[in-house]
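Below, each chain spelled out in residue letters.
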Amino acid sequence: MEFVAFDKPRKLDDIQDIIDQVAAGNLKDGDSVTVKGSIHRMKEMSGFAFVNVRSPRIVFQCIWEEGKSQVNIKDFGAEDCVIIQGSLVFDERSRLGFDIRIDDMKKLSGPVEQLPIEISNDRKIDKLQLNTLLDQRTISLRNPKVRAAMRICDGVMRAFRDYLASEGFVEFVPPKIVQAGAEGGADLFEVDYFGEKAYLNQSPQMYKQIMVGVFNKAYCVAPAFRAEKHSTNRHLNEYESLDLEMGFIDSFQDLMEIECRILRYMFNLLNENYAPELEMLLGRGRKLPELTKFPQIKFADAKELYAQAQGRKVTDPIDLSPDEEKWIGEYFLKEHDSPIVFITHYPSKKRPFYAMDDPADPRYTLSFDCLLYGLEITTGGQRIHDYHEQVEKMRQRGMDPAGFEDYLAMHKYGMPPHGGFALGLERVVQKLLELDNVRRATAFPRDRERVRP
Ligand code: AMO
């Protein structure tokens with residue numbers, strides 16, 4: 001029998017290790033290094049070649065010189081996976097402050113066919129039709145700018161998780177196959193579940209409320225499925241929902257307050273740890289703004305503000321159109337220097353059966369949306385926790401409480417005043433990175449026309 005030797009010292013073969021060692025003064029000009037990566041681009045001149053190599057986060061420059069390097073550059077091409085043995089050549093003109101002169105280069109594997117798109121050419125990638133970019137996702141994701149957006153997704157989820165852990169929230173895993181819709185409405189994907197009808201979950205709503213009875217503060221990061229038939233630049237049929245729910249709240253203000261803390265933490269974390277990706281997508285020197293204040297306005301007042309600005313009467317008093325949201329976002333950015341605005345007290349008619357009505361005016365609910373640069377990124381609010389009140393609201397809506405036995409079980413056996421909200425990951429990333437389409441903010445978008453790759 002043998003044991004796994006897991007305590008071996010780390011091999012320094014990632015460019016980031018080399019950068020760190022150079023910065024610490026442990027590696028000097030001329031020192032030997034080994035580094036792994038994929039050949040991103042090659043530029044050959046006579047007796048000389050620049051070989052740009054892509055590591056998980058950085059593209060760095062290696063230099064091949066005839067006579068000095070032991071390999072023939074003609075044996076290599078884009079997307080070859082290589083291990084390079086070389087030496088450091090300190091050079092102020094290089095982006096990293098050094099290049100790597102190739103002494104030896106070993107090909108581990110490489111493409112067997114010409115690539116259908118030129119991964120390393122940002123200009124060509126930018127000009128590709130979105131559909132082509134998505135059809136070729138396996139390799140378009142390797143483009144540094146395209147993959148930068150995916151790393152920002154990582155940062156947003158990480159910030160959500162880290163911040164909630166710091167406030168004592170517990171992460172749980174909701175089911176994705178369920179017996180009934182969570183939000184009402186017909187936008188459900190049906191699944192054949194051993195001959196019975198089941199659905200892909202629209203939202204972990206019921207499960208996160210149940211978990212309030214268990215942990216009091218609970219959250220999950222999980223896909224939500226919506227069989228919505230429209231095709232817009234802000235809707236996906238599968239999106240990642242960052243959900244939280246908390247009990248013993250004093251008011252629904254508590255929920256907005258924690259969302260403010262999460263967003264401030266998220267923006268700071270991205271600025272500190274994801275600066276190269278932000279710059280790649282937003283432009284040199286660009287960062288996310290510092291969040292210091294978070295305006296909130298009642299739904300009815302926001303409608304009025306918009307109507308006044310347009311010199312018209314309020315239209316559709318129970319909903320906000322995408323144009324209105326956009327205008328409200330612009331208004332708060334201009335007047336209050338805030339990319340974020342909370343819109344509170346949505347009309348009861350527009351909110352699901354679980355939303356708590358405002359005792360001061362039951363036409364409205366103790367709920368809110370959060371807009372980021374004029375796009376809804378969050379819906380949330382206080383829920384009904386009293387069993388009889390919940391049953392009554394269902395009846396008023398023509399719903400049969402008997403069909404909601406599982407949902408009502410938590411109310412029946414005692415729930416604290418509680419509430420929560422959900423942030424749509426891709427919409428957050430879309431807005432932070434100023435992307436024209438939410439599909440660019442997810443590695444493998446699912447929409448009416450796309451279930452591949
Ligand atoms: P809602 O349905 O508003 O609320 O969804 C919450 C957030 O999820 C995102 N989102 C979407 N993103 C991309 N494509 C879609 N089709 C899509 N639909 C929703 C948005 C939205 O703000 N259970 C409630 C949340 C709660 O009250 O806790 C819910 O699901 O960013």
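These numbers were taken from a predicted model, which means no experiment stands behind them.

Peer 1: How should the sheet that holds strand S18 (residues 418-424) be read in this particular structure?
Peer 2: Each strand in a sheet pairs with another by means of backbone hydrogen bonds, the pair being arranged parallel or else antiparallel. Taken in spatial order, the eight strands make up an open sheet running S6-S10-S11-S18-S17-S16-S13-S12, and their pairing is mixed. Every interior strand has two partners, whereas the edge strands, strand S6 (170-171) and strand S12 (296-298), have only one. In the sheet, strand S13 (residues 340-344) pairs with strand S16 (residues 367-372) via five bridges, with the strands oriented antiparallel. In the strand pairing of S16, Ile 343 is matched with Asp 369.

Peer 1: Looking at this model, I keep getting lost on the site of the ligand. Mind explaining?
Peer 2: Neighbouring the ligand are 22 residues; Gln 205, Lys 208, Glu 376, Thr 379 and Arg 383 lie closest to it. Here an oxygen atom of the ligand sits 2.6 Å away from a polar atom, N or O, in the side chain of Lys 208. Between the ligand and the protein, one listed contact pairs an oxygen atom with a backbone N or O atom of Ile 377 at 2.9 Å. For the ligand, whose unbound accessible area comes to 620 Å², protein coverage reaches 94%. When contributions to the shell around the ligand are tallied by element, the ones reaching two or more residues are helix H6 (205-215), strand S17 (375-382) and S18. Looking at which element gives the most residues to the shell around the ligand, the answer is S17, with five residues.

Peer 1: Is there a simple way to explain the nonpolar core in this structure?
Peer 2: Inside soluble globular proteins, nonpolar side chains tend to come together where they are buried. Counting residues in hydrophobic clusters, the biggest one holds 61 residues, and the most contacted among them are Val 156, Phe 160, Leu 244, Ile 258, Ile 262 and Leu 270. Sequence-distant contacts of Phe 160, that is, excluding residues within four places in its chain, are made with Tyr 219, Cys 220, Val 221, Leu 242, Asp 243, Leu 244, Ile 262 and Leu 423. Judged by nonpolar contacts, the second largest core, of 25 residues, contains Ile 18, Val 22, Leu 88 and Ile 102.

Peer 1: Before we go on, may I ask you to explain the packing of aromatic side chains in this structure?
Peer 2: Centre-to-centre distance and the angle between the planes together describe a pair of aromatic rings. The tally for this structure, following the rule as stated, stands at 15 aromatic pairs. Between Trp 327 and Tyr 331 the ring centres are 5.4 Å apart and the planes differ by 25 degrees, which places this aromatic pair in the stacked class. Residue Trp 327 and its partner Tyr 331 are both found in helix H10 (residues 322-336); the two are separated by four residues, about one turn of the helix. On the basis of an interplanar angle of 80 degrees and a centroid distance of 5.3 Å, the ring pair of Phe 353 and Tyr 407 is categorised as edge-to-face. Note that Phe 353 is positioned in the loop between S13 and strand S14 (357-358) and Tyr 407 in helix H12 (residues 405-412), a separation of 54 residues in sequence.

Peer 1: Got a minute to help me understand the pattern of salt bridges in this structure?
Peer 2: Counted according to the given criterion, the structure contains 29 salt bridges. For Glu 118, the salt bridge is made with Lys 124, and the minimal N-O distance between the two is 2.8 Å. The exposure class assigned to Glu 118 is partly exposed, which follows from its relative accessible area of 39%. Glu 324 is paired through a salt bridge with Lys 303; the nearest N and O atoms lie 3.0 Å apart. Separated by 21 residues along the polypeptide, Glu 324 in helix H10 and Lys 303 in helix H9 (residues 299-310) bring together distant segments of the chain. As far as burial versus exposure is concerned, Glu 324 and Lys 303 are alike and both buried.

Peer 1: Sorry, what's going on with the sheet that holds strand S1 (residues 32-45) here?
Peer 2: With respect to topology, five strands assemble into a closed barrel ordered S1-S2-S3-S5-S4, the strand pairing being mixed. Strand-to-strand, the axes of this sheet are offset by a mean angle of 55 degrees, without reference to chain direction. Pairing of S1 with strand S4 (residues 81-90), which is carried by seven bridges, proceeds in the antiparallel orientation. What sits directly across from Val 33, in S4, is Gly 86. Against the sheet, helix H1 (residues 15-23) makes contact with S1, strand S3 (59-65), S4 and strand S5 (98-109), and its axis sits at roughly 155 degrees relative to S5, the strand it touches most.

Peer 1: What exactly am I supposed to notice about the side chain of Glu 167 here?
Peer 2: For Glu 167, the position within the fold is in the loop between helix H5 (144-166) and S6. When its relative accessible area of 19% is taken as the criterion, Glu 167 is described as buried. Of note is the side chain of Glu 167, whose polar atom sits 2.7 Å from the side chain of Arg 261. The contact partners of Glu 167, leaving out residues within four places of it in the chain, are Lys 217, Ile 258 and Arg 261.

Peer 1: Help me understand the packing of H6 against H12 in this model?
Peer 2: Axis angle and axis distance: for two packed helices, these are the angle between their axes and the distance between the axes, and together they describe the pair. Running from N to C, H6 and H12 cross one another at 20 degrees; their axes reach a closest spacing of 10 Å. Taken as axis vectors, H6 and H12 run roughly parallel relative to one another. Crossing angle aside, the handedness with which H6 passes H12 is left-handed. Together, Met 206, Gln 209 and Ile 210 of H6 and Asp 406, Tyr 407, Met 410 and His 411 of H12 make up the contact between the two elements. Of the residues contributing to the contact of H6 with H12, the split by class is four nonpolar, two polar and one charged.

Peer 1: Please explain unusual backbone geometry as it appears in this structure.
Peer 2: Outside of glycine, negative phi angles account for most residues, and trans bonds account for most peptide bonds. A cis amide bond links Arg 452 to the next residue, Pro 453, at an omega of -10 degrees. Phi angles above zero are rare outside glycine, and Phe 248 is one such case at about 55 degrees. Along the chain, Phe 248 falls in the loop between strand S11 (238-247) and helix H7 (253-273). Of the residues examined, Phe 248 reaches a relative accessible area of 61% and is grouped as exposed.

Rules and cut-offs
Residues numbered from 1 in each chain as written. Predicted model: local features only at pLDDT ≥ 70, side-chain atom pairs only at ≥ 80, totals over all residues. Heavy atoms only, no water. Pairing = 2+ DSSP bridges. Helix = DSSP H or I, 4+ residues; strand = E, 2+ residues; numbered from the N terminus. Near = heavy atom within 4 Å. Polar contact = N/O pair within 3.5 Å; in protein donor to acceptor, adjacent residues only side chain to side chain. Areas by Shrake-Rupley, 256 points an atom, 1.4 Å probe, with all protein chains shown as cover. Core = buried A, V, L, I, M, F, W, Y, C linked by side-chain atoms within 4.5 Å. Buried < 20%, exposed > 50% of the residue type's maximum accessible area, 1.4 Å probe, protein only. Contact = heavy atoms within 4.5 Å. Phe/Tyr/Trp six-rings, centres within 6.5 Å; stacked < 30°, edge-to-face > 60°. Salt bridge = Lys/Arg side-chain N within 4 Å of Asp/Glu carboxyl O. Axes fitted to C-alpha atoms, helices over the stretch in contact; angles between N-to-C directions. Parallel < 35°, antiparallel > 145°, perpendicular 65-115°, else oblique. Left-handed = near helix turned anticlockwise from the far one by under 90°. Nonpolar A, V, L, I, M, F, W, Y, C, P; charged D, E, K, R; others polar.

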